[in-house]
Amino acid sequence: MMDRHDTGHSPENQRALPGKMPIQPDSDSLMISFLLTLNILAPFLEYPPDALIVIDSAGTIILVNTQMETLFGYDHDELIGRPVDLLLPEHLRTAHVAHWTHYMQAPRARPMGIGLDLVGQRKDGSRFFVEISLRPIRIEHTLHVIGAIRDMTAQREAERERMLISRRLRQQDKLLSMSHDAILVRDSADHIVSWNEGAEHLYGWTEEEAVGNITHTLLQARFPISREAVDYTLEQHGQWEGELTHTCQDGRQVIVESRQALVRDEQGFPAAILEINRDVTERRRLERLEREARAEIDARLHVLQVILDHLPSSVFLVQGPQLRILLANQAATEIWGAPWSRGQPEEEFIQQHGASLYTPTGQPLPLEDMTGRRAMDSGKPVLNCQLVIRQSDGASIPVIVDAIPLEHRSLLPSLPQEMTLGPASAERVVLVVYRNVRALKEAEELKDQFISLATHELRTPVTIIAGYADRLLSRAAQEKGHALDEWQREKVQQMKHASWHLANLTGELLDVTRMQAGQFQLERRPTDLVALTRQEIERLQATTDKHQLAFHTTVAQLWALVDAFRIEQILSNLLSNAIKYSPGGGLIEVTLEEHKDTHEAHFRIRDQGMGIPHAQQAHLFGRFVRGENVRIAGIRGTGLGLYLCRELIERHGGHISFESEEGVGSTFFFSLPCTEAVYRNSSGKAL
Ligand code: ADP
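Residues numbered from 1 in each chain as written. Predicted model: local features only at pLDDT ≥ 70, side-chain atom pairs only at ≥ 80, totals over all residues. Heavy atoms only, no water.

*Asks:* Explain the packing of aromatic side chains here, please?
*Replies:* Given two aromatic rings, their pairing is described by the distance between the two centres and the angle made by the two planes. Going through the model one piece at a time under the given rule, you end up with eleven aromatic pairs. With 4.3 Å between their ring centres and 5° between their planes, Phe603 and Phe670 make a pair best called stacked. Taken together, the residues span a long stretch of sequence, with Phe603 in strand E22 (residues 600-606) and Phe670 in strand E24 (residues 665-673) at a distance of 67 residues. Among the residues examined, Phe603 registers a relative accessible area of 2% and is labelled buried. These aromatic residues form a ring-pair network of at least three members: Phe316, Trp336, Phe349 and Tyr434. Above the plane of the ring of Phe128 lies Arg122, whose end atom (NZ or CZ) is 4.1 Å from the centre. (Phe/Tyr/Trp six-rings, centres within 6.5 Å; stacked < 30°, edge-to-face > 60°. Helix = DSSP H or I, 4+ residues; strand = E, 2+ residues; numbered from the N terminus. Buried < 20%, exposed > 50% of the residue type's maximum accessible area, 1.4 Å probe, protein only. Lys NZ or Arg CZ within 6 Å of the ring centre and 35° of its normal.)

Dropping the structure here:
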């Protein structure tokens, strides 16, 4: 780099130039001439719009124009005489020296740093992109370089913007071609001008085949409304959406969801229409199938509902632990005295409408004992539950309830979705049927009244006949009056037997009808169950030689507050059954135990007789129920004894059950409560 003093371009000199640079009177003539030239040159530099700089061969600034000062933010004097790399960022200065030296070896007019991002640095340190053109110039036989510097910030920004846009366009183009939708562009005369891969895939024509064709003709488009109406909407609103039917190259018809947008040119004339067509053929087909399937299910359900509504019984289909109602019929509304609504829990429905459920003996039925709930919880059918529905207006309806769990996994899918509630696959569905048995009950009551009346009327004469037969036999035995011959005694004996049998039967019938009518009372008094049982066993042992009746007990006395006559009746019934249904004879064991923890007396009567067929076991405590085997064997009976036993035991607060195997024997168990007061009495203390 040249010494600054050698050039004579010291800042002091330049500041003195006329207008820019004053002439030094004591300079040699060369220098004067040089400075004069510079002075002449300086005004010309102001004309071009670019920032101009004149540099000597050593890289020292000797002349700048105002644009240059403005561009770099320096005052004129701050630039003149300074090395040009002042205008460069620090880190580029070393490289610049090399470039400058290289240039000065073969100076020519050319842009500087082709292919490089040239950066200038302002006085305030800010940097900006520049474009520099260099041109060698001889000033007074000395080689100088004139540089035109242009601020490229705006251009660079625009370039960057352009690059971004073109990148974005390339990406969009890629996206368009990747789209599964058919995307096409048509000009204002409906000629296809663009056709993406999605369109090729959907319709079958390649871009080359499609471009230039009239869209609607190529695709044989069928419009939901007239084509004119579509064009009108596009014209008016700039867009249209709707469903079209198109025909593909292979003749296949497809339904597309089409979105179209009108693009206008700068003058506002229609230039192109962008069209995106989505193939919805499969979706529409599935929707149609679903609609048809649903219509079919609805039709079936309608038929089912009509059938259900014509059934006399109240039918509920309930789902899940809350027993939410899926379906019910007309009779359900009538039996509960309120309309049902889908989704409502059955228990809530009952409570909401002021209805309630009772057992046949008038006890309120706890909700957890409801038939539907029991079937839901256990997964097993609960059948023939006798209950009474009490409606909000006080009306009572006797019902028999059956609850049957259904195979919900196969049932639920056939129901419309909004009908099934909750996690359908997991929840059980139960069919609950309430049969109104009021008419039956009334008929039964009538029958009971008749039986009661008839047995009552029969009882007195039968007892009289039995009594006279008894007296006749005993007087004859005492040889009072006429003696009876053998034949007469035998017949009177049979009369006595038959009439006592009849008296027992009428007694049982009367008890049953009284119980049914709620006119039955127990007469409780402290009773020693041990003594009573022993006495009953002895009485029945006297009636048979074939059977051995054994009594086992660990207690000497066991006191209970019971109706002694009825306990005798229970024991008599169970023991005579054990005798009657063990026709081959055998051991009959009676056990009586005291359960102090529960304050109960536990009886067990075991025989080795015919046993009870499995099919009759579930109903054995019902009225008139008899084992099939005893009928076949021709053993007479009424089927009322066990019914009475159960009623009597339960009215005492006890419980009866049995175990039996046909051909092996039966064991009947029953319990009776012994109150604490009676216990104290049995231990000898006062009540
Ligand atoms: P009945 O004995 O008059 O038929 P019950 O009500 O006492 O009426 O008994 C009902 C039925 O129960 C009987 O008919 C019989 O089939 C069966 N049964 C009762 N006890 C026994 C028993 N100990 N062994 C076998 N079957 C019995």
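Still more ground to cover, so stick around.
*Asks:* I keep staring at the site of the ligand and nothing clicks. Help me out?
*Replies:* Near the ligand you find 21 residues, and of these Asn577, Tyr581, Arg626, Gly627 and Leu642 are the closest. Here an oxygen atom of the ligand and a side-chain polar atom of Arg626 are 2.6 Å apart. Interatomic distance of 3.2 Å between a backbone N/O atom of Gly639 and an oxygen atom of the ligand. Taking 530 Å² as the accessible area of the ligand by itself, protein coverage stands at 97%. Element by element, the count of residues in the shell around the ligand is highest for helix H20 (residues 564-580), at four residues. In the shell around the ligand, the residues fall into nine nonpolar, nine polar and three charged. (Near = heavy atom within 4 Å. Polar contact = N/O pair within 3.5 Å; in protein donor to acceptor, adjacent residues only side chain to side chain. Areas by Shrake-Rupley, 256 points an atom, 1.4 Å probe, with all protein chains shown as cover. Nonpolar A, V, L, I, M, F, W, Y, C, P; charged D, E, K, R; others polar.)

*Asks:* I would appreciate a short explanation of the pattern of salt bridges in the present structure.
*Replies:* Two side chains bearing opposite charge may form a pair once their charged atoms approach each other closely. Tallied over the entire structure, the rule returns 29 salt bridges. Among the salt bridges present, the one from Asp231 reaches Arg227, with a minimum N-O distance of 3.9 Å. Of this pair, Asp231 and Arg227 both sit in helix H11 (residues 227-237), separated by four residues, roughly a single helical turn. For Arg227, a relative accessible area of 31% translates into the label partly exposed. A salt bridge links Glu486 to Arg489; its shortest N-O distance comes to 2.5 Å. Remark: Arg489 and Glu486 occur in helix H18 (residues 486-516); sequence separation between them is three residues, near one turn of the helix. Judged by relative accessible area, which is 35%, Arg489 ranks as partly exposed. Because the salt bridges share partners, they merge into one network encompassing Arg186, Asp190, Arg227, Asp231 and Glu275. (Salt bridge = Lys/Arg side-chain N within 4 Å of Asp/Glu carboxyl O.)

*Asks:* Whenever I open this one, the side chain of Asn196 confuses me. Can you help?
*Replies:* Relative to the assigned elements, Asn196 resides in the loop between strand E8 (192-195) and helix H8 (197-203). A distance of 2.8 Å separates the side chain of Asn196 from the backbone nitrogen of Ala199, its partner in a polar contact. Each residue touching Asn196, except ones within four places of it in the same chain, is listed here: Leu176, Ser177, Ser179, Asp181, Ala182 and Ile183. (Contact = heavy atoms within 4.5 Å.)

*Asks:* Honestly, the environment of Ile55 in this entry has me stumped. Any pointers?
*Replies:* Here Ile55 is to be found in strand E1 (residues 51-56). The buried category is assigned to Ile55, whose relative accessible area is 4%. Separated by 89 residues in the primary sequence, Ile55 and His144 place their C-alpha atoms 5.8 Å from one another. Not counting the four nearest positions on each side in its chain, Ile55 is found in contact with Thr60, Ile61, Ile62, Val84, Trp100, His144 and Val145.

*Asks:* What's the story with the packing of H18 against helix H23 (residues 641-651) in this structure? I'm lost.
*Replies:* A packed helix pair is summarised by two numbers, namely the angle formed by the two axes and the spacing between the axes. Where H18 contacts H23, the two axes come as close as 10 Å, and the packing angle between them is 50°. Taken together, the axes of H18 and H23 are oblique relative to one another. Note that H18 runs across H23; the crossing there is left-handed. Listed contacts from H23 to Glu508, Asp511, Val512, Met515 and Gln516 of H18 are Gly641, Tyr643, Leu644, Glu647, Leu648 and Arg651. (Axes fitted to C-alpha atoms, helices over the stretch in contact; angles between N-to-C directions. Parallel < 35°, antiparallel > 145°, perpendicular 65-115°, else oblique. Left-handed = near helix turned anticlockwise from the far one by under 90°.)

*Asks:* Can you walk me through the environment of Leu274 in this structure?
*Replies:* Its place among the elements puts Leu274 in strand E11 (residues 270-279). A residue is classified by how much of its surface remains accessible, and Leu274, at 39% relative accessible area, is partly exposed. Put simply, Leu274 and Val185 are 89 residues apart on the chain and 4.6 Å apart in space, counted from C-alpha to C-alpha. For Leu274, the residues in contact, after removing those within four places along its chain, are Leu184, Val185, Arg259, Gln260, Ala261 and Val263.

*Asks:* Just checking my understanding: could you explain the confidence of the model for the chain for this structure?
*Replies:* The predicted coordinates ought not to be read in detail in places where the model reports low pLDDT. Summarising the model, the chain shows a mean pLDDT of 86, and 91% of its residues fall at 70 or more. This stretch, residues 1-26, has a pLDDT under 50; its non-local contacts, to residues over four places away or in other chains, come to 57 contacts. Of the regions scoring below 50 in pLDDT, residues 679-687 engages in 15 contacts with residues more than four places distant in sequence or in other chains. (pLDDT = per-residue confidence, 0-100.)

*Asks:* Just checking my understanding: could you explain the sheet that holds strand E9 (residues 239-247) for this structure?
*Replies:* The strands making up a sheet are joined through hydrogen bonds of the backbone, oriented either antiparallel or parallel. Pairing within the open sheet is antiparallel, and its five strands lie in the order E8-E7-E11-E10-E9. Edge positions in the open sheet fall to E8 and E9, since each of these has one partner strand only. Between one strand axis and the next, the sheet turns by 25° as a mean value, whatever way the strands run. Sheet topology places strand E10 (residues 253-264) next to E11; nine bridges connect them, and they run antiparallel. In the sheet register, Ser258 faces E11, and the bridge partner there is Asn277. Helix H12 (residues 281-310) contacts E9, E10 and E11 of the sheet and is inclined by roughly 130° relative to E10. (Pairing = 2+ DSSP bridges.)

*Asks:* Explanation requested: the nonpolar core in the structure shown.
*Replies:* Across soluble globular proteins, you tend to see nonpolar side chains buried next to one another. Judged by nonpolar contacts, the single largest core of 45 residues is most densely connected at Leu529, Ile605 and Phe670. With eight residues, H20 is the single largest residue contributor to this core. If we ignore the near neighbours within four places in the chain, the residues touching Ile605 are Leu571, Leu574, Leu575, Ala578, Ile588, Glu589, Val590, Ser666, Thr667, Phe668 and Phe670. Core analysis: the next-biggest nonpolar cluster, separate from the first, contains 28 residues, Val318, Trp336, Met370 and Cys385 among them. (Core = buried A, V, L, I, M, F, W, Y, C linked by side-chain atoms within 4.5 Å.)

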